[in-house]
Amino acid sequence: MAGRLLLVCRLLMRDLRRHRTETVLLLVAITAATATLTLGLTLNELVTRPYERTRAATAGPDLVVETGFTGPRALDALAPLTTLPGVSEHSGPYPLAFLALTVRDTTVRVIVEGRDGTPAAVNRPAVTDGTWVRPDGVVVERTFADALGMRLGDTVRVGGHPLHVTGFAVTAARPVYPQVHWHLPGSNLVEKGGLVWVDGRDIAALAGDQPRSYTLNLRLTDPAAGADIVDPSGGNPRFRGWSFRSAQDIANSSGRQNGQAETALVVGSWLLTGLAVVGVAGIVAGRVIARRRRVGLLKAVGAGPAVIAAVHLVEYLVIALAAAGAGLATGWLAAPLLFRPSAGFVGSAGLDPPLRVVVTATAFALAIAVAATLGPVVRAAATSTTHALADAPTPPRRRRWAIRLSRRLPTALLIGVRVNARRPHRARLVTVNTLITTAALAAVLTILAQDDDPLNLGYSELPDPRNERTLQAMVIVAGVACFLALLNTIVSTWTAVLDTRHPLAVARALGATPVQAGVGLAVAQLLPAVPGVAAGIPLGIGLYLFFDGERYPPAAWTLSTAFGVLLAVALVTAIPAVAAARRPVADTLRSAVT
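Here the residue index of a chain counts from 1 through its sequence in written order. This being a predicted model, a pLDDT of at least 70 is required before a residue's local features are given, and a value of 80 or more before pairs of side-chain atoms are given or counted; all residues contribute to the totals for chains, interfaces and linings. The side-chain figures draw on all heavy atoms in the structure; neither hydrogens nor water molecules are used.

Caption draft 1: Focus on unusual backbone geometry. With a phi close to 55°, Arg104 is a non-glycine residue in the positive phi region. You can see Arg104 is positioned in the loop between strand 2 (87–103) and strand 3 (106–115). Despite not being glycine, Asp136 has its phi angle at roughly 65°, a positive value. Within the element layout of this structure, Asp136 appears in the loop between strand 4 (126–130) and strand 5 (137–141). Strands here are runs of E lasting at least two residues and helices are runs of H or I lasting at least four, both read from the DSSP assignment and numbered beginning at the N terminus.

Caption draft 2: Just the side chain of Thr561, in detail. Mapped onto the fold, Thr561 is located in helix 18 (residues 555–580). Ignoring any residue separated from it by four or fewer positions in sequence, one finds Thr561 in contact with Leu441 and Leu445. Contact definition: two residues touch when any of their heavy atoms are within 4.5 Å.

Caption draft 3: Just the side chain of Asp199, in detail. Secondary-structure assignment places Asp199 in strand 8 (residues 194–199). Any residue under 20% of the maximum accessible area for its type is buried, any over 50% is exposed, and the rest in between are partly exposed; the area is computed with a 1.4 Å probe on protein chains only. For Asp199, a relative accessible area of 6% gives the class buried. Two N or O atoms count as a polar contact when they lie within 3.5 Å, although within protein this holds only if one can serve as hydrogen donor and the other as acceptor, and sequence-adjacent residues are included solely when both atoms are side-chain atoms. Within the structure, the side chain of Asp199 is placed 2.9 Å from the backbone nitrogen of Arg201, a separation counted as a polar contact.

Caption draft 4: Just the packing of aromatic side chains, in detail. Note on aromatic pairs: the rings of Phe, Tyr and Trp (six-membered ring only in Trp) are paired at centre separations within 6.5 Å, and the planes decide the class, stacked below 30 degrees, edge-to-face beyond 60, tilted for the rest. For the structure on display, the rule yields three aromatic pairs. Where Phe98 meets Trp182, the ring centres are 6.1 Å apart and the plane angle is 90°; that geometry is what we call edge-to-face. With a gap of 84 residues between them, Phe98 in strand 2 and Trp182 in the loop between strand 7 (161–170) and strand 8 connect regions that are remote in the sequence. Assessed through its relative accessible area of 7%, Trp182 is described here as buried. Taking the centre distance of 5.5 Å and the plane angle of 35° together, the rings of Phe144 and Tyr177 count as tilted.

Caption draft 5: Quick look at the packing of helix 14 (residues 424–449) against helix 17 (residues 514–547). For the pair helix 14 and helix 17, interaxial distance at closest approach is 6 Å and the crossing angle is 35°. Crossing handedness for the pair helix 14 and helix 17: right-handed. Classification convention: Asp, Glu, Lys, Arg as charged; Ala, Val, Leu, Ile, Met, Phe, Trp, Tyr, Cys, Pro as nonpolar; all other residues, Gly among them, as polar. Partitioned by chemical class, the residues of the contact of helix 14 with helix 17 number 17 nonpolar, eight polar and one charged. Inter-axis angles, ranging from 0 to 180 degrees, are taken between N-to-C directions of lines fitted to C-alpha atoms, where helices are fitted over the stretch in contact. Crossings are assigned a handedness: left-handed for a near helix turned anticlockwise from the far helix by less than a right angle, right-handed for a clockwise turn.

Purely geometric numbers; function is a separate question.
Written as structure tokens, this is what we have:
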């Protein structure tokens, strides 16, 4: 047992040193798919962790209460809540006004909360830039300020009154823009808007004739109790029209901003899994072909199928583990840079991904390696010793219909058809490769074709950050898909060149020119790409419309994409194929004899 383990380890180190290019290609293919999955799994963490840190930094409340009343009646209704059993601390009630804010030419809904300079025991918004509230000044919630392009010192109009922007702040007492729960006093109809804080002495002048509402922040001895502290039955008529927001409700509402982008990345990662499997399978197939003689030698000295399989599988599993670490680190560190979902919070998600993300990414990478390598490795282990030692080309399968069909074809097309007839498995990999790539591109075209659905903020419309993040996520998926598809096409061409060196040498000995042989190899890659492109367009469109949207992309877009993918396949495969076909025929045939 120890001797076999030593053999496997020595062959592993030898292969990693001698085949560095192929090892890097395998590493890149699995890393790209794993990183995309990590991005999708990370988006929720990018909100959850910074929100908890913001709660700690701002003494965030466990429960925020607003009544359905205004004025003194609201104050009277909130006062008993501060002495309820289970309430340890509170702040407020603070006055609220639901007004409009104008900056430059944009007017939007805004919740105006009156505060003073005294630090509160519960809910102390953290100022990230500038200073806290002061007379004739306004502090703007940071994501709201980013959306409107505000800067310190800007003059805005709140309720028709000019105020100077003195600072930007974050809070854990309300969801981030635009889900701040704006509503008219006494109404339960919630609208989208922003949040600002002003000096409590200014809010009466800003609100004018509007009756003021009030908000109360509670710290509970049992944070999980939530609204049950106030309304244990959950249906007391006394609290009809009231608003209760627990810390978990606020975190969930903020996290929903990334829901569509998270779905796009997770679904995209499964598409990229197909591309990664295709790429790894192509590389493995080429390496198994190149190592047929070594398989024969191992069998000749007594190695059984289990040892042969272990020699091959261990190498790919080690590469998959390395790719899992690289993809996990890349996705986790890139997510906040690409999406910046925590602009409304302080702190970041940190450098330590949660265990579930680590386990999922590692299992994902190993599954790609096993799915792509198991078939070729099992076939190699089952190869007879004499056949492996001879390292002879696999004889083609004679099919009468294929012979009749190809008999009258031009030489280059005939070579391409025969190459695919010899290796239908490789042709299917090319079809899957182009299908997934085209589907990703078609999905991006479909989202671009949708009507822009901006945020209705009452008086103006602004771009919806959810749509922007979804498009950004799909562009990332499409970009990684194109990169992997390019990698897979190069690998597929290299594998075809390696596998068809003897048949092409015979074809050239019988009169085919190097150009015809090279073009034939390129045609062998292009022919199975056509059905992949044809099926990928409707697949990508349907996949996006299944989750969202209702408009199809223009026909000109889809046709241009289809021809562009086929042209890219033709160019990427033709150049190396023609170059490889120029190897002298005598050298190739001589290597077959020896």
